[in-house]
Amino acid sequence: MKTRYVIRQLVERALLIKKLTPEIENEINSELTEMGYISDIDYEALELLMAEMDAGHIQLVPNI
C-alpha cells in the first residue's frame, strides 16, 4: 500500500499561499477522520504549519 501524505500536500499548499483557508482546513480534518491516524510525515507537516502560524507567517482565513 502506497501512502499518499495528503495532509503534507495540503500543508504545502497553505505554506505556498501563506494562508490556511477554510477549504484546506476542512480537507485536513476530513483526511484525518478518514484515515483514523496520522503518519509521521503528515504529523511533522502539521507541526510546521502550526509553528509558521504561531510565528505569524501564515494567515488564518475565516469563513465568509
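Details of the structure are given in the entry above.
Below or above, wherever it landed, is the structure these notes cover. (Residues numbered from 1 in each chain as written. Predicted model: local features only at pLDDT ≥ 70, side-chain atom pairs only at ≥ 80, totals over all residues. Heavy atoms only, no water.)

## Some thoughts on the nonpolar core
Grouped together as the largest cluster of nonpolar side chains are 12 residues: Val6, Ile7, Leu10, Val11, Ala14, Leu20, Ile24, Ile28, Ala45, Leu46, Leu49 and Ile58. When contributions to this core are tallied by element, the ones reaching two or more residues are helix 1 (6-17), helix 2 (22-35) and helix 3 (40-54). Looking at this core, the element that brings in the most residues is helix 1, giving five residues. Leu20 has contacts with Ala14, Glu25, Leu49, Met53, Ile58, Gln59, Leu60 and Val61, leaving out every residue within four places of it along the chain. (Core = buried A, V, L, I, M, F, W, Y, C linked by side-chain atoms within 4.5 Å. Buried < 20%, exposed > 50% of the residue type's maximum accessible area, 1.4 Å probe, protein only. Helix = DSSP H or I, 4+ residues; strand = E, 2+ residues; numbered from the N terminus. Contact = heavy atoms within 4.5 Å.)

## Considerations on helix 1
Taking 1.5 Å of rise per residue, 12 residues should cover 16 Å, and helix 1 covers 17 Å from first to last C-alpha, within 8% of that figure. Taken residue by residue, helix 1 has Val6, Ile7, Leu10, Val11 and Ala14 as its buried positions. Angular distribution of buried residues about the axis of helix 1 spans 140°; they occupy a single face of the element. Buried residues in helix 1 make contact with strand 1 (19-20), helix 2 and helix 3. One or two steps after helix 1, the chain reaches Lys18, where phi turns positive at roughly 60°. (Expected span 1.5 Å × (residues − 1). Arc of directions from axis to C-beta.)

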